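The chain contents come next:
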Amino acid sequence: MSSVRRCSRTACGRPAVATLTYVYADSTAVLGPLATYAEPHCYDLCAEHAERLTAPRGWDVVRLAAEAGPLRRSSDDLEALANAVREAARPQERTPRQGRGPDGDPTEAGRRGHLRVLRSPEN
C-alpha cells in the first residue's frame, strides 16, 4: 500500500498536493495545502485540478497559499482551519420567537430544516 495520497478526481492518479473543503453554510470552497490526514468530507487534489478549480455560481473560492519554504507540516494552522469549517457546518440552535408582528399576524415560532411552525391566531 502506498503512503502517497492520490487526487480524488475520477481517473486521476497523480499525487495530491492540496485539500478542498466545502463550507456549505457560507457557500465557500476552501482550497489549502494538503491536509495532514485524509478527512472523509474533504477532497485531495493534484496540482492541475487544484489550479483549475471553480465553484458553483454564487460561491466563493478561498485559496490558502502554501508556504514557499521547505514543506513543514504544522498541525496548528490546519487544525484551526478544520475547526473553523466544522464550526461553520454545525447547525445553529434557534430559539423560538413568540408574539405577533407589527400588523398583528402571527410570527414564526420555530424552524426545523425547511419547515416552519406558525402560531395560531387564537393563541
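All of the points below concern the structure found in this document. (Residues numbered from 1 in each chain as written. Predicted model: local features only at pLDDT ≥ 70, side-chain atom pairs only at ≥ 80, totals over all residues. Heavy atoms only, no water.)

1. Thoughts on the overall build of the chain
Okay, so step 1: In terms of regular secondary structure, the chain is built from two helices and six strands.
Okay, so step 2: Going from the N terminus to the C terminus, the chain shows its helices and strands as β-β-β-α-β-α-β-β.
Okay, so step 3: Among the 123 residues that make up the chain, the fraction classed as buried is 20%.
Okay, so step 4: Counted over contacts in the chain with a minimum sequence separation of 6, partners at least 24 positions apart contribute 48%. (Helix = DSSP H or I, 4+ residues; strand = E, 2+ residues; numbered from the N terminus. Buried < 20%, exposed > 50% of the residue type's maximum accessible area, 1.4 Å probe, protein only. Contact = heavy atoms within 4.5 Å.)

2. Digging into the nonpolar core
Okay, so step 1: Core analysis: the biggest nonpolar cluster contains 10 residues, these being Cys7, Cys12, Ala18, Leu20, Ala29, Leu31, Leu45, Cys46, Ala50 and Leu53.
Okay, so step 2: Listed by contribution, the elements that provide at least two residues to this core are strand E1 (18–23) and strand E2 (28–33).
Okay, so step 3: When sequence neighbours within four positions are dropped, the list of residues in contact with Leu53 reads Leu20, Leu31, Val61 and Arg63. (Core = buried A, V, L, I, M, F, W, Y, C linked by side-chain atoms within 4.5 Å.)

3. What to know about the environment of Leu20
Okay, so step 1: Checked against the element boundaries, Leu20 lands in strand E1.
Okay, so step 2: Separated by 23 residues in the primary sequence, Leu20 and Tyr43 place their C-alpha atoms 4.9 Å from one another.
Okay, so step 3: Those residues in contact with Leu20, other than ones at most four positions away along the chain, are Ala29, Val30, Leu31, Cys42, Tyr43, Leu45 and Leu53.

4. Looking at the packing of aromatic side chains
Okay, so step 1: According to the stated counting rule, one finds four aromatic pairs in the structure shown.
Okay, so step 2: Seen from their ring centres, Tyr22 and Tyr43 are 6.1 Å apart, and the 70° between their planes marks the pair as edge-to-face. A residue pair is termed long-range when its members are at least 10 positions apart, and Tyr22 in strand E1 and Tyr43 in strand E3 (residues 42–45) qualify at 21 residues.
Okay, so step 3: Between Tyr24 and Trp59, the ring centres sit 5.8 Å apart and the planes meet at 85°, which makes this aromatic pair edge-to-face. One end of the pair, Tyr24, is in the loop between E1 and E2; the other, Trp59, is in the loop between helix H1 (47–51) and strand E4 (60–63), and 35 residues separate them in sequence.
Okay, so step 4: With relative accessibility at 58%, the residue Tyr24 sits in the exposed group.
Okay, so step 5: Take Trp59: its relative accessible area is 23%, and that puts it in the partly exposed class.
Okay, so step 6: Ring-pair connections join several aromatic residues into one group, and the members of that group are Tyr22, Tyr24, Tyr43 and Trp59. (Phe/Tyr/Trp six-rings, centres within 6.5 Å; stacked < 30°, edge-to-face > 60°.)

5. Re the side chain of His49
Okay, so step 1: With respect to the helices and strands, the residue His49 is situated in helix H1.
Okay, so step 2: In this structure His49 touches Cys7, Arg9, Cys12 and Arg14, once residues within four positions along its chain are discounted.

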